[in-house]
Amino acid sequence: MHFETEAIRTQTDRSQFQEHSVPVYLTSSYVFEDAEEMRASFAEERQRNIYSRFTNPNTSEFVEKVCKMEGAEAGQAFATGMSAVFSTFAALLDSGDHVLSARSVFGSTHSLFTKYFPKWQINTTYFKVDEVANIEGLIQPNTKVIYAETPTNPGVDVLDLAFLGKVAKKHDLLLIVDNCFATPYLQQPIKFGADLVIHSATKLIDGQGRVLGGITVGRADLIREIYLFSRNTGPALSPFNAWVLSKSLETLAVRVDRHCENALRLATFLASHDSVNWVRYPFLPSHPQYDIAKKQMLKGGNVISFEVEGGLEAGRRFLDAIGLCSLSANLGDTRTIITHPASTTHSKLTEKERLEVGITEGLIRVSVGLEHLNDVIKDIDQALKS
Ligand SMILES: *Cc1c(COP(=O)(O)O)cnc(C)c1O
(Lines give C-alpha, C1' and ligand atoms only; values in the text may rest on other atoms or scores of the structure.)
Protein backbone atom coordinates (compact mmCIF):
# COMPACT_ATOMS: atom_id res chain seq x y z
CA MET A 1 0.00 0.00 0.00
CA HIS A 2 1.03 3.63 -0.36
CA PHE A 3 2.56 5.75 2.39
CA GLU A 4 -0.66 7.65 3.23
CA THR A 5 -2.70 4.44 3.33
CA GLU A 6 -0.25 2.63 5.62
CA ALA A 7 -0.26 5.64 7.94
CA ILE A 8 -4.03 5.47 8.25
CA ARG A 9 -4.82 1.76 7.92
CA THR A 10 -2.12 0.19 10.11
CA GLN A 11 -3.71 -0.47 13.47
CA THR A 12 -3.80 -2.90 16.34
CA ASP A 13 -6.63 -5.45 16.60
CA ARG A 14 -10.05 -4.09 17.51
CA SER A 15 -11.32 -4.81 21.00
CA GLN A 16 -14.72 -6.38 21.78
CA PHE A 17 -16.25 -2.89 21.30
CA GLN A 18 -15.33 -2.74 17.60
CA GLU A 19 -14.03 0.82 17.87
CA HIS A 20 -13.14 2.48 14.57
CA SER A 21 -10.49 4.78 16.05
CA VAL A 22 -7.88 3.03 18.22
CA PRO A 23 -8.49 3.66 21.95
CA VAL A 24 -5.79 4.59 24.48
CA TYR A 25 -4.59 1.58 26.49
CA LEU A 26 -3.78 3.24 29.79
CA THR A 27 -2.67 0.14 31.62
CA SER A 28 0.63 -0.50 33.32
CA SER A 29 0.38 -4.28 33.16
CA TYR A 30 -1.51 -7.20 31.58
CA VAL A 31 -3.06 -10.37 33.02
CA PHE A 32 -2.33 -14.02 32.27
CA GLU A 33 -4.73 -16.98 32.04
CA ASP A 34 -2.54 -19.39 33.96
CA ALA A 35 0.98 -20.27 35.07
CA GLU A 36 1.91 -21.74 31.68
CA GLU A 37 0.88 -18.62 29.75
CA MET A 38 2.81 -16.48 32.18
CA ARG A 39 5.93 -18.65 31.88
CA ALA A 40 5.76 -18.75 28.06
CA SER A 41 5.29 -14.98 27.88
CA PHE A 42 8.30 -14.23 30.05
CA ALA A 43 10.35 -16.80 28.10
CA GLU A 44 9.27 -14.89 24.94
CA GLU A 45 7.88 -18.09 23.43
CA ARG A 46 4.69 -16.09 23.06
CA GLN A 47 4.60 -12.50 21.76
CA ARG A 48 2.27 -10.54 24.00
CA ASN A 49 2.14 -7.56 26.31
CA ILE A 50 3.48 -8.15 29.81
CA TYR A 51 4.19 -4.74 31.29
CA SER A 52 4.01 -1.29 29.64
CA ARG A 53 7.69 -0.52 30.24
CA PHE A 54 8.28 -3.37 27.74
CA THR A 55 5.43 -2.98 25.25
CA ASN A 56 1.93 -1.51 25.04
CA PRO A 57 -0.63 -1.71 22.19
CA ASN A 58 -0.38 2.04 21.50
CA THR A 59 3.41 2.13 21.38
CA SER A 60 3.45 -1.02 19.23
CA GLU A 61 1.02 0.55 16.76
CA PHE A 62 3.13 3.71 16.55
CA VAL A 63 6.29 1.64 16.00
CA GLU A 64 4.66 -0.53 13.33
CA LYS A 65 3.54 2.52 11.37
CA VAL A 66 6.96 4.20 11.46
CA CYS A 67 8.62 0.91 10.44
CA LYS A 68 6.38 0.69 7.37
CA MET A 69 7.05 4.34 6.50
CA GLU A 70 10.82 3.98 6.84
CA GLY A 71 11.04 0.50 5.29
CA ALA A 72 12.48 -0.85 8.57
CA GLU A 73 12.38 -4.36 10.00
CA ALA A 74 11.73 -3.33 13.61
CA GLY A 75 11.63 -0.38 15.97
CA GLN A 76 11.58 0.84 19.55
CA ALA A 77 9.66 3.88 20.82
CA PHE A 78 10.98 6.26 23.49
CA ALA A 79 9.73 9.04 25.75
CA THR A 80 11.76 11.68 23.86
CA GLY A 81 14.02 12.03 20.86
CA MET A 82 17.01 12.29 23.18
CA SER A 83 16.19 9.05 24.99
CA ALA A 84 16.07 7.41 21.54
CA VAL A 85 19.52 8.82 20.68
CA PHE A 86 21.05 7.93 24.05
CA SER A 87 19.55 4.44 24.31
CA THR A 88 20.57 3.57 20.75
CA PHE A 89 24.21 4.38 21.46
CA ALA A 90 24.19 2.97 24.99
CA ALA A 91 22.78 -0.35 23.78
CA LEU A 92 25.23 -0.79 20.92
CA LEU A 93 28.54 0.78 21.99
CA ASP A 94 31.18 -0.66 24.28
CA SER A 95 33.79 1.17 26.26
CA GLY A 96 36.66 2.05 23.90
CA ASP A 97 34.49 2.40 20.79
CA HIS A 98 34.79 5.40 18.51
CA VAL A 99 32.04 7.41 16.79
CA LEU A 100 32.52 9.36 13.58
CA SER A 101 29.85 12.06 13.48
CA ALA A 102 28.86 15.02 11.39
CA ARG A 103 29.72 18.21 13.31
CA SER A 104 26.25 19.69 12.95
CA VAL A 105 24.22 17.64 15.40
CA PHE A 106 21.42 18.53 17.76
CA GLY A 107 22.77 20.35 20.86
CA SER A 108 22.03 17.59 23.37
CA THR A 109 23.52 14.96 21.04
CA HIS A 110 26.68 17.09 20.96
CA SER A 111 26.62 17.03 24.80
CA LEU A 112 26.36 13.22 24.79
CA PHE A 113 29.40 12.98 22.52
CA THR A 114 31.55 15.53 24.32
CA LYS A 115 30.45 15.47 27.98
CA TYR A 116 29.06 12.01 28.77
CA PHE A 117 30.44 9.37 26.39
CA PRO A 118 34.09 10.18 27.26
CA LYS A 119 33.22 9.02 30.81
CA TRP A 120 32.90 5.53 29.29
CA GLN A 121 35.96 5.93 27.03
CA ILE A 122 33.76 6.42 23.98
CA ASN A 123 35.25 9.16 21.84
CA THR A 124 33.85 11.05 18.89
CA THR A 125 35.52 12.61 15.87
CA TYR A 126 33.55 15.26 14.03
CA PHE A 127 33.61 15.97 10.31
CA LYS A 128 32.31 19.19 8.79
CA VAL A 129 29.93 19.15 5.85
CA ASP A 130 32.64 20.24 3.42
CA GLU A 131 34.98 17.49 4.71
CA VAL A 132 32.56 14.65 4.06
CA ALA A 133 34.43 13.42 0.97
CA ASN A 134 37.46 12.68 3.18
CA ILE A 135 35.78 10.81 6.03
CA GLU A 136 37.46 7.51 5.21
CA GLY A 137 40.67 9.10 6.48
CA LEU A 138 39.02 9.69 9.87
CA ILE A 139 38.05 6.06 10.44
CA GLN A 140 40.00 4.43 13.29
CA PRO A 141 40.43 0.72 14.08
CA ASN A 142 37.85 1.11 16.90
CA THR A 143 35.30 3.13 14.91
CA LYS A 144 31.89 1.53 15.17
CA VAL A 145 29.37 4.11 14.02
CA ILE A 146 28.95 6.87 11.45
CA TYR A 147 26.33 9.29 12.72
CA ALA A 148 24.61 12.11 10.83
CA GLU A 149 21.57 14.36 10.72
CA THR A 150 20.35 15.62 7.37
CA PRO A 151 19.18 18.27 6.77
CA THR A 152 21.19 19.70 9.65
CA ASN A 153 20.09 22.06 12.39
CA PRO A 154 20.18 25.05 12.09
CA GLY A 155 22.32 25.45 8.96
CA VAL A 156 20.05 23.20 6.79
CA ASP A 157 23.05 21.52 5.17
CA VAL A 158 22.40 18.28 3.32
CA LEU A 159 24.65 15.21 3.67
CA ASP A 160 24.85 12.58 0.93
CA LEU A 161 23.22 9.50 2.46
CA ALA A 162 24.16 7.16 -0.40
CA PHE A 163 27.82 8.14 0.03
CA LEU A 164 27.73 7.65 3.83
CA GLY A 165 25.97 4.31 3.31
CA LYS A 166 28.71 3.16 0.93
CA VAL A 167 31.52 4.16 3.31
CA ALA A 168 29.80 2.46 6.24
CA LYS A 169 29.33 -0.75 4.29
CA LYS A 170 32.90 -0.79 2.96
CA HIS A 171 34.38 -0.44 6.47
CA ASP A 172 31.75 -2.57 8.22
CA LEU A 173 30.46 0.35 10.33
CA LEU A 174 26.93 1.12 11.43
CA LEU A 175 25.32 4.13 9.77
CA ILE A 176 22.84 5.81 12.13
CA VAL A 177 20.81 8.75 10.80
CA ASP A 178 18.73 11.24 12.78
CA ASN A 179 15.93 11.78 10.24
CA CYS A 180 13.98 14.27 12.33
CA PHE A 181 14.09 17.25 9.94
CA ALA A 182 13.04 15.24 6.90
CA THR A 183 10.40 12.92 8.45
CA PRO A 184 9.83 9.43 7.02
CA TYR A 185 7.62 11.04 4.38
CA LEU A 186 10.39 13.06 2.71
CA GLN A 187 13.39 10.74 3.16
CA GLN A 188 13.98 7.08 4.01
CA PRO A 189 17.68 6.68 4.94
CA ILE A 190 17.47 2.86 5.03
CA LYS A 191 17.11 2.92 1.23
CA PHE A 192 20.54 4.57 1.09
CA GLY A 193 22.24 2.11 3.43
CA ALA A 194 21.42 3.33 6.95
CA ASP A 195 21.27 0.58 9.57
CA LEU A 196 19.20 2.62 12.03
CA VAL A 197 17.04 5.74 11.78
CA ILE A 198 16.18 7.92 14.76
CA HIS A 199 13.39 10.47 15.10
CA SER A 200 12.45 13.05 17.62
CA ALA A 201 8.69 12.51 17.17
CA THR A 202 8.25 15.75 19.12
CA LYS A 203 8.83 17.72 15.93
CA LEU A 204 7.00 17.15 12.63
CA ILE A 205 5.66 13.70 13.54
CA ASP A 206 3.47 15.20 16.27
CA GLY A 207 3.51 18.40 14.28
CA GLN A 208 1.18 20.21 16.63
CA GLY A 209 3.45 21.08 19.53
CA ARG A 210 1.73 18.81 22.05
CA VAL A 211 3.80 15.81 23.13
CA LEU A 212 7.38 14.57 23.37
CA GLY A 213 8.37 11.27 21.82
CA GLY A 214 11.17 9.44 20.05
CA ILE A 215 11.75 6.32 18.02
CA THR A 216 14.58 4.24 16.57
CA VAL A 217 13.87 1.90 13.65
CA GLY A 218 16.03 -0.35 11.48
CA ARG A 219 17.78 -3.72 11.52
CA ALA A 220 15.97 -6.23 13.72
CA ASP A 221 19.16 -7.60 15.35
CA LEU A 222 20.18 -4.10 16.48
CA ILE A 223 16.66 -3.15 17.57
CA ARG A 224 16.61 -6.29 19.73
CA GLU A 225 19.59 -4.93 21.73
CA ILE A 226 18.00 -1.48 21.91
CA TYR A 227 14.71 -3.01 23.06
CA LEU A 228 16.42 -4.94 25.86
CA PHE A 229 18.32 -1.83 26.96
CA SER A 230 15.10 0.17 27.01
CA ARG A 231 13.14 -2.58 28.74
CA ASN A 232 15.71 -2.64 31.54
CA THR A 233 16.43 1.07 31.88
CA GLY A 234 12.91 2.46 31.38
CA PRO A 235 12.78 5.36 28.87
CA ALA A 236 9.41 4.05 27.59
CA LEU A 237 7.02 6.20 25.55
CA SER A 238 3.74 6.75 27.43
CA PRO A 239 0.69 5.05 25.88
CA PHE A 240 -1.12 8.38 25.70
CA ASN A 241 1.71 10.07 23.81
CA ALA A 242 2.00 7.03 21.53
CA TRP A 243 -1.72 7.36 20.76
CA VAL A 244 -1.32 11.07 19.94
CA LEU A 245 1.72 10.34 17.73
CA SER A 246 0.04 7.46 15.95
CA LYS A 247 -2.91 9.72 15.13
CA SER A 248 -0.46 12.39 13.96
CA LEU A 249 1.09 9.96 11.48
CA GLU A 250 -2.30 9.68 9.76
CA THR A 251 -1.99 13.32 8.66
CA LEU A 252 1.80 13.49 8.26
CA ALA A 253 1.82 13.48 4.45
CA VAL A 254 -0.80 16.22 4.00
CA ARG A 255 0.75 18.38 6.70
CA VAL A 256 4.30 18.02 5.45
CA ASP A 257 3.18 18.71 1.86
CA ARG A 258 1.80 22.08 2.97
CA HIS A 259 4.79 22.78 5.24
CA CYS A 260 7.11 22.26 2.27
CA GLU A 261 4.99 24.33 -0.11
CA ASN A 262 4.96 27.22 2.40
CA ALA A 263 8.68 26.90 3.10
CA LEU A 264 9.66 26.98 -0.57
CA ARG A 265 7.50 30.09 -1.13
CA LEU A 266 8.96 31.83 1.94
CA ALA A 267 12.52 30.90 0.94
CA THR A 268 11.92 32.32 -2.54
CA PHE A 269 10.53 35.53 -1.02
CA LEU A 270 13.51 35.90 1.35
CA ALA A 271 16.02 35.27 -1.43
CA SER A 272 14.92 38.47 -3.17
CA HIS A 273 14.65 40.61 0.01
CA ASP A 274 17.01 43.60 0.36
CA SER A 275 17.69 43.04 4.09
CA VAL A 276 18.64 39.38 3.65
CA ASN A 277 22.24 38.39 2.84
CA TRP A 278 21.58 34.77 1.93
CA VAL A 279 18.95 32.03 2.28
CA ARG A 280 19.45 28.28 2.78
CA TYR A 281 16.71 25.89 1.78
CA PRO A 282 17.43 22.42 0.33
CA PHE A 283 15.07 22.83 -2.63
CA LEU A 284 16.32 26.29 -3.68
CA PRO A 285 18.69 25.82 -6.66
CA SER A 286 21.18 28.12 -4.86
CA HIS A 287 21.62 25.56 -2.02
CA PRO A 288 25.16 24.09 -2.15
CA GLN A 289 23.84 20.51 -1.96
CA TYR A 290 20.72 21.08 -4.08
CA ASP A 291 21.45 18.06 -6.32
CA ILE A 292 21.89 15.72 -3.34
CA ALA A 293 18.73 17.06 -1.73
CA LYS A 294 16.78 16.42 -4.94
CA LYS A 295 18.18 12.89 -5.10
CA GLN A 296 17.36 11.80 -1.55
CA MET A 297 14.41 13.99 -0.47
CA LEU A 298 10.87 14.13 -1.86
CA LYS A 299 10.54 17.83 -0.93
CA GLY A 300 12.68 20.39 0.88
CA GLY A 301 11.27 20.20 4.42
CA ASN A 302 9.97 23.04 6.56
CA VAL A 303 13.15 24.64 7.93
CA ILE A 304 14.84 27.64 6.34
CA SER A 305 17.89 29.49 7.55
CA PHE A 306 18.83 32.96 6.41
CA GLU A 307 21.08 35.80 7.44
CA VAL A 308 19.79 39.26 8.20
CA GLU A 309 22.08 42.09 7.28
CA GLY A 310 23.70 43.70 10.33
CA GLY A 311 24.86 40.73 12.46
CA LEU A 312 23.96 39.97 16.08
CA GLU A 313 22.21 43.28 16.84
CA ALA A 314 20.13 43.11 13.66
CA GLY A 315 19.22 39.51 14.50
CA ARG A 316 17.93 40.50 17.93
CA ARG A 317 16.08 43.57 16.54
CA PHE A 318 14.45 41.34 13.92
CA LEU A 319 13.21 38.96 16.64
CA ASP A 320 11.85 41.83 18.73
CA ALA A 321 9.87 43.15 15.77
CA ILE A 322 8.22 39.77 15.01
CA GLY A 323 4.48 39.82 15.79
CA LEU A 324 2.52 36.82 14.49
CA CYS A 325 5.27 34.18 14.42
CA SER A 326 6.39 32.57 17.68
CA LEU A 327 9.77 32.97 19.30
CA SER A 328 10.25 29.44 20.59
CA ALA A 329 12.86 26.69 20.74
CA ASN A 330 10.68 24.02 19.13
CA LEU A 331 10.23 23.27 15.45
CA GLY A 332 7.88 21.36 13.20
CA ASP A 333 4.72 22.90 14.67
CA THR A 334 1.58 24.19 12.90
CA ARG A 335 2.77 27.61 14.12
CA THR A 336 5.68 29.29 12.38
CA ILE A 337 8.59 29.49 14.83
CA ILE A 338 11.59 31.79 14.60
CA THR A 339 14.86 31.42 16.50
CA HIS A 340 18.18 33.23 16.59
CA PRO A 341 20.66 30.40 17.33
CA ALA A 342 23.70 32.63 18.10
CA SER A 343 21.96 34.20 21.12
CA THR A 344 19.91 31.16 22.23
CA THR A 345 20.34 27.44 21.37
CA HIS A 346 24.01 27.79 20.37
CA SER A 347 25.01 30.63 22.72
CA LYS A 348 27.22 28.27 24.78
CA LEU A 349 29.47 27.61 21.80
CA THR A 350 32.32 30.01 21.13
CA GLU A 351 32.00 32.19 18.03
CA LYS A 352 34.62 30.00 16.33
CA GLU A 353 32.67 26.82 17.14
CA ARG A 354 29.48 28.44 15.86
CA LEU A 355 31.14 29.38 12.58
CA GLU A 356 32.36 25.78 12.21
CA VAL A 357 28.74 24.67 12.03
CA GLY A 358 27.77 27.61 9.84
CA ILE A 359 26.02 29.69 12.48
CA THR A 360 26.80 33.32 11.78
CA GLU A 361 25.75 36.08 14.19
CA GLY A 362 22.85 37.15 11.99
CA LEU A 363 21.57 33.65 11.19
CA ILE A 364 17.83 33.20 11.69
CA ARG A 365 16.12 29.79 11.63
CA VAL A 366 12.49 29.60 10.58
CA SER A 367 10.36 26.51 11.10
CA VAL A 368 7.60 27.28 8.64
CA GLY A 369 4.11 26.42 9.92
CA LEU A 370 0.70 25.92 8.40
CA GLU A 371 -0.76 29.44 8.74
CA HIS A 372 -1.78 31.18 5.49
CA LEU A 373 1.63 32.02 4.11
CA ASN A 374 0.70 35.59 3.18
CA ASP A 375 0.24 36.38 6.88
CA VAL A 376 3.65 34.87 7.72
CA ILE A 377 5.36 36.78 4.88
CA LYS A 378 3.71 40.03 6.01
CA ASP A 379 5.02 39.55 9.56
CA ILE A 380 8.56 38.65 8.49
CA ASP A 381 8.66 41.45 5.91
CA GLN A 382 7.67 44.16 8.43
CA ALA A 383 10.21 42.80 10.95
CA LEU A 384 12.98 42.86 8.31
CA LYS A 385 12.08 46.41 7.33
CA SER A 386 12.19 47.57 10.96
C1 LIG B 1 14.61 17.99 18.90
C2 LIG B 1 15.61 17.11 18.31
C3 LIG B 1 16.13 16.02 19.02
C4 LIG B 1 15.73 15.73 20.45
O5 LIG B 1 14.38 15.41 20.56
P6 LIG B 1 13.53 15.60 21.91
O7 LIG B 1 12.23 14.98 21.56
O8 LIG B 1 13.45 17.08 22.17
O9 LIG B 1 14.25 14.89 22.99
C10 LIG B 1 17.07 15.22 18.40
N11 LIG B 1 17.48 15.47 17.14
C12 LIG B 1 17.01 16.52 16.42
C13 LIG B 1 17.51 16.73 15.05
C14 LIG B 1 16.06 17.37 16.98
O15 LIG B 1 15.61 18.41 16.27
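Residues numbered from 1 in each chain as written. Predicted model: local features only at pLDDT ≥ 70, side-chain atom pairs only at ≥ 80, totals over all residues. Heavy atoms only, no water.

Asker: So what exactly am I meant to see when it comes to the domain arrangement of the protein here?
Answerer: Interfaces are often described in size by the accessible area the parts lose on coming together. Domain boundaries in the protein define domain 1 (3-249) and domain 2 (252-385). Taking the mean C-alpha position of each, domain 1 and domain 2 sit 27 Å from one another. Of the residues lining the interface, 36 residues belong to domain 1; the matching set on domain 2 comes to 37 residues. For the pair domain 1 and domain 2, the summed buried area comes to about 3,100 Å², and 60% of that belongs to carbon and sulfur atoms. If you look at where domain 1 meets domain 2, you find 2 salt bridges. For Lys-295, the salt bridge identified is with Asp-160, shortest N-O distance 3.7 Å. Run the count over domain 1 and domain 2 and you get 15 residue pairs in polar contact (both at pLDDT 80 or more). Broken down by element, the side of domain 1 that touches domain 2 gets its largest block of residues, 4 residues, from helix α7 (residues 183-186). (Domains from an automatic or database assignment. Contact = heavy atoms within 4.5 Å. Buried area = accessible area lost by both parts, 1.4 Å probe. Salt bridge = Lys/Arg side-chain N within 4 Å of Asp/Glu carboxyl O. Polar contact = N/O pair within 3.5 Å; in protein donor to acceptor, adjacent residues only side chain to side chain. Helix = DSSP H or I, 4+ residues; strand = E, 2+ residues; numbered from the N terminus.)

Asker: What's the story with the side chain of Glu-19 in this structure? I'm lost.
Answerer: For Glu-19, the location among the structural elements is in the loop between α1 (3-9) and α2 (35-42). Buried within the structure, Glu-19 lacks any salt-bridge partner; Arg-14 is the closest side chain of opposite charge, at an N-O distance of 5.7 Å. Among all residues touching Glu-19, those that are not within four sequence positions of it are Asp-13, Arg-14 and Tyr-25. (Buried < 20%, exposed > 50% of the residue type's maximum accessible area, 1.4 Å probe, protein only. Lys, Arg positive; Asp, Glu negative; His and termini not counted.)

Asker: How should I be thinking about the side chain of Arg-365 in this particular structure?
Answerer: Following the sequence through the fold, Arg-365 ends up in strand β12 (residues 363-367). With no salt bridge to any partner, buried Arg-365 finds its closest opposite charge in Glu-149, at an N-O distance of 8.9 Å. If we ignore the near neighbours within four places in the chain, the residues touching Arg-365 are Asn-153, Pro-154, Val-303, Ile-304, Ser-305, Ala-329, Asn-330, Leu-331, Ile-337, Ile-338, Thr-339 and Pro-341.

Asker: Quick question: what am I supposed to make of the environment of Thr-27 here?
Answerer: Relative to the elements of secondary structure, Thr-27 occurs in the loop between α1 and α2. With relative accessibility at 30%, the residue Thr-27 sits in the partly exposed group. Residues Thr-27 and Pro-57, spaced 30 residues apart in sequence, show a C-alpha to C-alpha distance of 9.8 Å. Apart from the residues within four sequence positions on either side, Thr-27 is in contact with Ser-52 and Asn-56. Only 2.7 Å separates the side chain of Thr-27 from the backbone oxygen of Ser-29, close enough to count as a polar contact.

Asker: Mind showing me how you'd approach the sheet that holds strand β8 (residues 276-280) here?
Answerer: Each strand in a sheet pairs with another by means of backbone hydrogen bonds, the pair being arranged parallel or else antiparallel. Pairing is mixed across the open sheet formed by 5 strands, whose spatial order is β8-β9-β12-β11-β10. Taken across any chain shown, the strands that pair with only one partner, and hence form the sheet edges, are β8 and β10 (326-327). Judged from the 2 bridges that link them, β10 and strand β11 (residues 337-339) form a sheet pairing that is parallel. Counterpart to Ser-326 in the pairing with β11 is Ile-337. (Pairing = 2+ DSSP bridges.)

Asker: Would you take a moment to explain the environment of Asp-130 for this structure?
Answerer: In this structure, Asp-130 sits in the loop between β3 (123-127) and β4 (143-149). We classify Asp-130 as exposed; its relative accessible area is 68%. A C-alpha to C-alpha distance of 15 Å links Asp-130 and Ile-359, two positions 229 residues apart in sequence.

Asker: I tried to follow the nonpolar core on my own but got confused; where do I start?
Answerer: In globular proteins that are soluble, nonpolar side chains generally tend to be buried together. In terms of nonpolar packing, the biggest core is built from 75 residues, with Phe-62, Phe-306, Phe-318 and Ile-380 touching the most fellow members. No other element matches the 8 residues that helix α10 (residues 252-271) contributes to this core. Inspection of this core shows a minimum of three residues originating in each of domain 1 (3-249) and domain 2 (252-385). Ignoring any residue separated from it by four or fewer positions in sequence, one finds Phe-318 in contact with Phe-306, Val-308, Ile-338, Ile-364, Ile-380, Ala-383 and Leu-384. Within the second largest apolar cluster, 23 residues are counted, among which are Ala-84, Ile-122, Leu-174 and Ile-176. (Core = buried A, V, L, I, M, F, W, Y, C linked by side-chain atoms within 4.5 Å.)

Asker: Honestly, helix α4 (residues 81-92) in this entry has me stumped. Any pointers?
Answerer: Residue pairs spaced three or four apart in an α-helix point in one direction, given the helix's 3.6 residues per turn. Here α4 contains 12 residues, and its C-alpha end-to-end distance of 17 Å stays within 8% of the 16 Å for a straight helix at 1.5 Å per residue. Counting buried positions over the 12 residues of α4 gives 9, a clear majority of the element. When we look at burial in α4, the residues that qualify are Gly-81, Ser-83, Ala-84, Val-85, Ser-87, Thr-88, Phe-89, Ala-91 and Leu-92. The N-terminus of α4 is capped by Thr-80, whose side-chain oxygen sits 3.4 Å from the backbone nitrogen of Met-82. (Expected span 1.5 Å × (residues − 1).)

Asker: I keep staring at the site of the ligand and nothing clicks. Help me out?
Answerer: In the vicinity of the ligand, the residues found are Thr-80, Gly-81, Met-82, Phe-106, Glu-149, Asp-178, Cys-180, Phe-181, Ser-200, Thr-202, Lys-203 and Gly-213. Between the ligand and Met-82 there is a distance of 2.8 Å, counted from an oxygen atom to a backbone nitrogen or oxygen. Contacts to the ligand include Asp-178, whose side-chain N or O atom sits 2.7 Å from a nitrogen atom. Looking at the shell around the ligand residue by residue, the class counts come to 4 nonpolar, 5 polar and 3 charged. (Near = heavy atom within 4 Å. Nonpolar A, V, L, I, M, F, W, Y, C, P; charged D, E, K, R; others polar.)

Asker: Even after reading the chapter, I still don't get the pairing of strand β5 (residues 174-178), so can you show me in this structure?
Answerer: Along any regular strand, the residues point their side chains to alternate faces of the sheet. Counting buried positions along β5 yields 5 of 5 residues, so the element is predominantly enclosed. Alternating positions in β5 separate into two faces, Leu-174, Ile-176 and Asp-178 on one and Leu-175 and Val-177 on the other, with burial throughout. Examined bridge by bridge, β4 and β5 share 5 bridges and lie parallel to one another. Bridge assignment links Val-145 to a residue of β5, and that residue is Leu-174. As a crossover connection, the stretch from β4 through helix α6 (residues 161-170) into β5 is right-handed. The pairing of β5 with strand β6 (residues 196-200) spans 3 bridges and is parallel. If you follow Asp-178 over to β6, its bridge partner there is Ile-198. (Right-handed = clockwise from strand over helix to strand, strands pointing away.)

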